[in-house]
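Structural features, examined
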Amino acid sequence: MKIGDLVRGSKTNVECQRKSVAMIVDQDLIDGSFSIFWISGQIKGTKVCHNFGPDELEVISEAR
């Protein structure tokens with residue numbers, strides 16, 4: 001997973017996150033957590049959400 005990838009909530013996450021799409025916009029170099037921006041689906045937001053672990057996200061499409 002890297003900045004620019006499109007992701008959704010993993011199978012262990014809540015249903016609304018599994019049915020939504022987000023873009024990874026940053027990664028914390030200390031703990032490896034990701035910051036995302038929800039862009040479509042059941043969750044749409046205007047704020048960046050922080051502290052998502054790699055096990056909480058599933059890659060839909062990789063950035064170049």
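Use the structure listed above.
Residues numbered from 1 in each chain as written. Predicted model: local features only at pLDDT ≥ 70, side-chain atom pairs only at ≥ 80, totals over all residues. Heavy atoms only, no water.

1. A word on the side chain of Ser35
By the element assignment, Ser35 lies in strand S3 (residues 34-41). A polar side-chain atom of Ser35 sits 2.7 Å from a polar atom in the side chain of His50. Setting aside residues no more than four positions away along its own chain, Ser35 makes contact with Met23, Ile24, Val25, Asp26, Val48, Cys49 and His50. (Helix = DSSP H or I, 4+ residues; strand = E, 2+ residues; numbered from the N terminus. Polar contact = N/O pair within 3.5 Å; in protein donor to acceptor, adjacent residues only side chain to side chain. Contact = heavy atoms within 4.5 Å.)

2. Section: the nonpolar core
Judged by nonpolar contacts, Val7, Ala22, Ile24, Phe34, Ile36, Trp38, Ile43, Phe52 and Leu57 together constitute the single largest core of nine residues. Only strand S2 (20-27) and S3 provide two or more residues apiece to this core. Per-element tally for this core: the top contributor is S3, with three residues. (Core = buried A, V, L, I, M, F, W, Y, C linked by side-chain atoms within 4.5 Å. Buried < 20%, exposed > 50% of the residue type's maximum accessible area, 1.4 Å probe, protein only.)

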